[in-house]
Every structure is written in structure tokens, then in C-alpha cells.
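# Close look at the chain arrangement
So the chains spell out like this:
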Amino acid sequence: MTYRNPPTTPRKSATFDDYTLSEIRRAAATGIYDIRGAGAKRKLPHFDDLLVLGASISRYPLEGYRERCDTSVVLGSRHAKKPIELKIPITIAGMSFGSLSGPAKEALGRGATLSGTSTTTGDGGMTEEERGHSKTLVYQYLPSRYGMNPRDLRRADAIEIVVGQGAKPGGGGMLLGQKISDRVAEMRTLPKGIDQRSASRHPDWTGPDDLEIKILELREITDWEKPIYVKVGGARPYYDTALAVKSGADVVVIDGMQGGTAATQEVFIENVGQPTLACIRPAVQALQDLGMHRKVQLIVSGGIRNGADVAKALALGVDAVSIGTAALVALGDNDPRWEADYNELGTTAGAYDDWHEGRDPAGITTQDPVLMKRVDPIAAGRRLANYLKVMTLEAQTIARACGKNSLHNLEPEDLVALTIEAAAMAGVPLAGTNWIPGKNGF
Ligand SMILES: Cc1cc2nc3c(=O)[nH]c(=O)nc-3n(C[C@H](O)[C@H](O)[C@H](O)COP(=O)(O)O)c2cc1C
């Protein structure tokens, strides 16, 4: 008699879950690794794992409708003759023209300008759309040098040297042939329709000593007027921040692993780098150890979504945050109104991440002349401004509840963590205890 197991409920493996199985099948069928846009999708310790305490008897809250809560920030005051003055501590992160359409770039500029904040160029150079519509524009100086020229350096309000991105620290960019239109090809001085892989490292410097020389060179080209930012992917935030400061940066930008990208390998996005939350405390510590906290400003990005995230980041010692993905969503990215089109691409609104393919139904991550018309830059810019306003009001609500008349007066003492992991990463006590795990080291 053959033995049969008694009937049980079928059980799937947590290790070999449905997504993992589909990835194995896809790899087996195609021999091609997956490329996609957006940031890490796995659950990571994040700002949701922190809570703000609010005032009680020992702290005195401010009245929301009567008492001011300052939101302004100055970036680049260390060396630049013309530092950047922003009304809100939320900036628009660098996103390349090529990955984004011209109308999307214009909408970002319009929204940022309405809100009194800055936007940033990206791989592929400066477009007239963004220069024309951005009161304050940060110009990225990238390893690829696509679209780089000294004229645009001088037309910018600040310069951001990109060493890396949170989605792919140590990796370069990818712009697939489908998105290389005549205009993109011309700006990058590369052939149309052929995949472009951006360099993962700067060709003319190999370490901090060279970086110092590069920073000096950029200061001279721009007459010591423009603040110089250095952007790194969240990998070794303590040492990277210290080295950027030693090299002469005015502003350090740290992009955690939840940070979005236009395109890279999925295995990279999900497995390389450190969560945004884990990057902040070491970076602030490095600035404090060098006596440079608040003198060299710190901008953090990677998964910032709402005013609570802003308030918590600032409480941990950050000067400003930067947003990419959330800004695109405010413009109309992944909007359910295009659900039928998303379904045709085999996906659904909220999950669409094949931004490298150039078929974005929302018209944002595409160079398709028909699709990009779906973005009305004026209306989309207004939506971005509304969203930034709400984030700022939310952050102010939290700060006032903590008795702070400036967002920058929020402090680690205003926070507790919900998990041991978040407590250790953020350096704040686990809720209900006075325990900060791993307090004396990283
Ligand atoms: C469509 C897209 C294009 C991007 N292009 C660039 C780029 O050219 N240079 C760069 O430094 N970072 C680039 N990034 C990363 C952003 O500057 C930023 O670090 C990241 O989006 C922040 O995380 P968030 O998307 O969760 O807000 C890009 C991100 C997106 C979503």
C-alpha cells in the first residue's frame, strides 16, 4: 500500500514566496536580470518606526493659529558668497532629463518656485524648462558628465557633485535606447536610440584629495558664489560625511536605500546600501565631531513622504530633506486614472516601476511625444506646490506641539522609537524605556 500524507492546507514558503518564484522563472526564461525604477520595495526600518512625544507638563506647546513656527533654511553658508535661502526645508531631488519628460521637469520647477524651494537637474544636463521655471536651481555634476558644461554651471544657483545615490551606491545610471530621443541624444552628445550606461565613478578623481581639488576648481569657475553640495548614497555615512566636509563641501546630501532611481538592477536597489533612518545619526555625529553641525548643512533623502517624516528627520539633526518619488506622485505618477493603461503594461497603478521603458501612461518618465502631453506643467506644478504646503503645515503642527518656534528646534529628545532596530539606528530611546541600544558606537 502506498503511503499518502493526510490532507493539510497547502503551505507556501516564506523564503520562496510568490514573487521570488516568479523572479526565478523570469530569469530562467530570459537570462536577463531585472531593471526597474523607484526605490527599495522591501520593508525597512523607517520614520514610521519613530514617534514624536509632543508637549506635556515639562514642555509647553505653541498655539497653532497664533504663534509662528519658522520653516526657512539657508544652505551653503560655509564658503559660498551667495548661499541658498529657502522658505521650506524640503527640496526637489535631482532627476535626470531623459528619465523625465520636459513637461515633468517644467512642472517640478513651477511647483518648487511656488513653494519657495529649489529643484535640481540630473544626469543629462540642464533643460531650459527647468532653468526657466526654477527660481533656485541646483546643477548636478555627475560621473557621466552627460550634458555638463561650464556655461550651465554658471547659470545654476548651486552645484551638487554626485558621488552616489541611495538606490545604487557604487553603481552607475542606465538610460535605455527607447528613451534616447533626438533631444536627449543631443544634450548628452551620444547617439540616438542606443542604451547609455552612466559611469559609476568620477573619471577625474579617485578619492578625497582629488575631490578637494575638484571642489576648488568648481568654486573658481563660479567665482566662489555658488554653494557646493556633495551627494552620496547611504553606505558609510559617518566617513563619507567627514570626508565630504574635509574636502570643502558646503552641504552634504545623503540618500538612503529607499531612495528612488530612474533605472538600475533590482538586485542593487533591494540589497545595497543602508536605510535612510540608519544614515542620519552617523552623518550628524560626523558633523558634530568636526564642529560643523549646522555650519555644513545636511540634506537627507530616501522615502520622505509627509510632514511627519520631515519633522522626524529634522529632529534627528538634518537641515533639510529632499524628495524625488513623492514629487513625481504629486505630479501624477502612478495615478489610478491611468489604470487601464497600466494593466496593458502588465502592472497596476501604484506598482508601475518600468520607468526605463519610456511607456509611462502618466507621461512623466517618458520621452514619447504623445504620452508626455498628458502632463500639464501648470496644473502639475500647482499640485506639487499644494503637496509641499501640506507637508510643511504638517511638520509645523508637530513642531508646535513640541513647543518649537522653528522646525529646526526639533531635537532627538522629541522622539522615541517603536522598535529596537529603529531605536539603535536613530539613537533615540525605545518607547516606554530610557534605553538607546548601541548608544556608544555605530
Ligand atoms: C526618476 C528619477 C530620476 C533620478 N535621477 C537622478 C539623477 O539624475 N541624479 C541623481 O543624483 N539622483 C537621481 N535620482 C535620485 C534622486 O535624486 C533622489 O536621491 C531620490 O529620488 C530620493 O528618494 P525618494 O525618491 O524616495 O524621494 C533620480 C530619482 C528618480 C525617481
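All residue numbers refer to position in the chain's written sequence, counted from 1. pLDDT decides what is reported in this predicted model: residues at 70 or higher carry local features, side-chain atom pairs at 80 or more are listed and counted, and totals for whole chains, interfaces and linings draw on all residues regardless. Computation of side-chain values: all heavy atoms of the structure, hydrogens and water removed.

Turning next to the overall build of the chain. Across its full length, the chain holds 14 helices and 16 strands. Considering only C-alpha atoms, the chain reaches an extent of 75 × 60 × 45 Å along its principal axes. A buried classification covers 54% of the 442 residues belonging to the chain. If you take every contact in the chain between residues at least 6 apart in sequence, the share linking residues at least 24 apart comes to 67%. The protein chains shown are the only cover counted for residues, whose accessible areas, like all others here, come from Shrake-Rupley with a 1.4 Å probe. With an accessible surface of roughly 20200 Å², the chain has 54% of that area assigned to carbon and sulfur atoms. On the chain, the mean spot of the 52 positive side-chain charges and the mean spot of the 53 negative ones are 1 Å from each other. Every helix listed is a DSSP run of H or I at least four residues long, and every strand listed is a run of E at least two residues long, numbered separately from the N terminus. Residue exposure (1.4 Å probe, protein chains only): buried if accessible area is under 20% of the type maximum, exposed if over 50%, otherwise partly exposed. Whether two residues are in contact is decided by their heavy atoms: any pair within 4.5 Å suffices. Positive residues here are Lys and Arg, negative ones are Asp and Glu, while His and the chain termini are left out of the count. One atom stands in for each charge, and that atom is NZ of Lys, CZ of Arg, CG of Asp or CD of Glu.

Per the UniProt entry, the sites bearing "domain: Glutamate synthase" (unreviewed entry) are residues 75-332 and 356-404 in this numbering. Regarding residues 75-332, the helix share stands at 36% and the strand share at 18%, and the terminal C-alpha atoms are separated by 29 Å. The span residues 356-404 carries 51% helix and 0% strand; its end-to-end C-alpha distance comes to 43 Å. UniProt positions are given in the numbering used here, feature names are shortened, and annotations may be inferred rather than shown by experiment.

A molecule or strand has a residue near it when one of that residue's heavy atoms lies within 4 Å. Surveying the vicinity of the ligand reveals 27 residues, the closest of which are Gly94, Asp255, Gly303, Gly324 and Thr325. Under this definition, polar contacts are N or O atom pairs within 3.5 Å; protein pairs additionally need one hydrogen-donor-capable and one acceptor-capable atom, and for neighbouring residues in sequence, both atoms have to be side-chain atoms. In this structure, a nitrogen atom belonging to the ligand sits 3.3 Å away from a main-chain N or O atom of Ser96. Taking Thr325, its side chain carries an N or O atom lying 2.5 Å from an oxygen atom of the ligand. For the ligand, the accessible surface in isolation is 600 Å², of which the surrounding protein chains cover 98%.

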